[in-house]
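This is what each chain is made of:
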Amino acid sequence: MRVLVLYAHPVETSFNAAMHKMVVQTLREAGHEVDDCDLYAEGFDAVLSRQERLSYHDTDVNRQPVASYVDRVLNTDAIVMVHPIWNFGPPAILKGFMDRVFLPGVSFDMCEGKVTPGLTHIKKLACVVSYGAPWYRALILGDPPRKLATRMLRAMIKPGAPVLYLARYDMNNVTDTQLQAHLQKVHDRLLKF
């Protein structure tokens, strides 16, 4: 299976970098073809320009500024996102990727005023994330990042496709043993992806 890994963290020594490395290694170990998209390393421009917004619903031209990224999304069977949760959302660079690449005619279509999924070729989705906050704080706030993955993104892909959400909460109070256990969990779960 072709898997697009969307990675968003600027620090190469972070725990997110370790999770990213584990994700890529495990997917390859499992026999998948991996397209490793490191948004920071690739210098992805997260800013939706005025002209892009004006052309947003024009499916003849809307993908031109990000055509290479659209092609990568359209030529994959699965997506794995690896990123931290900052202020109860993804990093701006990943949010900008979704704003600029998950366009009408790409991730969804408008048919008679109704939205229909456009990424039905995506058979699996996984999010491997870390939170500074403990799980109960995320729960109190409704855990918007989890809902983004398990509701919004799920609605764009193949109906009934599995969505895996692997979260390491409470990074501000974690031990090395807990970090290693989480990396092992990521390995074990993605080996079956």
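Structure's up top.
As the structure is a prediction and not an experimental result, all values here were calculated from the model.

Asks: Break down the overall build of the protein chain for me, with residues and values.
Replies: A count of helical and extended segments in the protein chain gives 7 helices and 7 strands. Each helix and strand of the protein chain, placed in order from N terminus to C terminus, yields the pattern β-α-β-α-α-β-α-β-β-β-α-α-β-α. What you see for the protein chain is a C-alpha radius of gyration of 17 Å, in line with the 16 Å of a compact globule of 193 residues. The C-alpha extent of the protein chain, read off along each of the three principal axes, is 50 × 35 × 30 Å. Across the 193 residues of the protein chain, 47% fall into the buried class. Residue pairs at least 24 apart in sequence account for 78% of intrachain contacts in the protein chain once pairs closer than 6 positions are excluded. Summed over all atoms, the accessible surface of the protein chain reaches about 9800 Å², with 52% contributed by carbon and sulfur. Measuring between centres, the 22 positive side-chain charges of the protein chain sit 8 Å from its 20 negative side-chain charges.

Asks: Outline the sheet that holds strand 6 (residues 124-131), supporting the account with residue identities and numerical values.
Replies: Sheet strands associate in pairs through backbone hydrogen bonding, adopting either a parallel or an antiparallel arrangement. The strand order 2-1-3-6-7 describes an open sheet built from 5 strands, whose pairing is parallel. One side of each edge strand has no neighbouring strand; the edge strands of this open sheet are strand 2 (33-38) and strand 7 (163-168). If you compare each strand with its neighbour and ignore which way they point, the axes differ by 15 degrees on average. The sheet contact formed by strand 6 and strand 7 spans 6 bridges and is parallel. Bridge assignment links Val 128 to a residue of strand 7, and that residue is Leu 166. Sitting on the sheet, helix 6 (residues 144-156) is in contact with strand 3 (78-85), strand 6 and strand 7, with an inclination near 170 degrees to strand 7.

Asks: Account for a nonpolar patch on the surface, with residues named and values stated.
Replies: Together, Trp 135, Tyr 136, Leu 139, Ile 140 and Leu 141 give the surface a local cluster of nonpolar side chains, amounting to about 620 Å² of exposed area. Inspection of the secondary structure puts Leu 141 in the loop between helix 5 (135-140) and helix 6.

Asks: For the pattern of salt bridges, give the residues involved together with the corresponding values.
Replies: All chains considered together, the criterion is met by 7 salt bridges. Residues Glu 42 and Arg 72 are paired through a salt bridge, measuring 2.9 Å at the closest nitrogen-oxygen approach. Within this pair, whereas Glu 42 is found in the loop between strand 2 and helix 2 (50-54), its partner Arg 72 is found in helix 3 (residues 67-74), the two being separated by 30 residues in sequence. Note that Arg 146 is salt-bridged to Asp 143, the shortest N-O span being 3.3 Å. The exposure class of Asp 143 is buried, given its relative accessible area of 7%. Overlapping salt bridges, with partners in common, bring together Arg 2, Asp 77 and Lys 123 in one network.

Rules used in this analysis
- The residue numbers shown here count from 1 along each chain, following its written sequence.
- In view of the model being predicted, local features appear only for residues whose pLDDT reaches at least 70, and side-chain atom pairs are presented and counted only at 80 or more, with totals across whole chains, interfaces and linings using the full set of residues.
- The side-chain quantities take in all heavy atoms of the structure and omit both hydrogens and water.
- In this description a helix means any DSSP run of H or I spanning at least four residues, a strand means any run of E spanning at least two, and both kinds are numbered starting from the N terminus.
- As a reference, a globule follows 2.2 Å times the number of residues to the power 0.38, and the radius of gyration itself is taken over C-alpha atoms.
- Accessible area is worked out with a 1.4 Å probe on protein chains only. A residue is then buried under 20% of its type maximum, exposed over 50%, and partly exposed in between.
- Contacts: residue pairs with any heavy atoms within 4.5 Å of one another.
- What sets the accessible areas is the Shrake-Rupley method with a 1.4 Å probe; for residues, cover comes only from the shown protein chains.
- Charge counting treats Lys and Arg as positive and Asp and Glu as negative, with His and both chain ends excluded.
- One atom stands in for each charge, and that atom is NZ of Lys, CZ of Arg, CG of Asp or CD of Glu.
- A pair of strands is treated as paired once DSSP finds two or more bridges between them.
- Here, axes are lines fitted to C-alpha atoms. For helices the fit covers the stretch in contact, and angles between N-to-C directions go from 0 to 180 degrees.
- Each patch is built from residues lacking any salt bridge and having more than 30% relative accessible area; the joining distance is 9 Å for like charges and 5 Å for nonpolar side chains (Val, Leu, Ile, Met, Phe, Trp, Tyr).
- Salt bridge, as used here, is a side-chain nitrogen of Lys or Arg placed within 4 Å of a carboxyl oxygen of Asp or Glu.

Worth remembering: the numbers are spatial, not functional.
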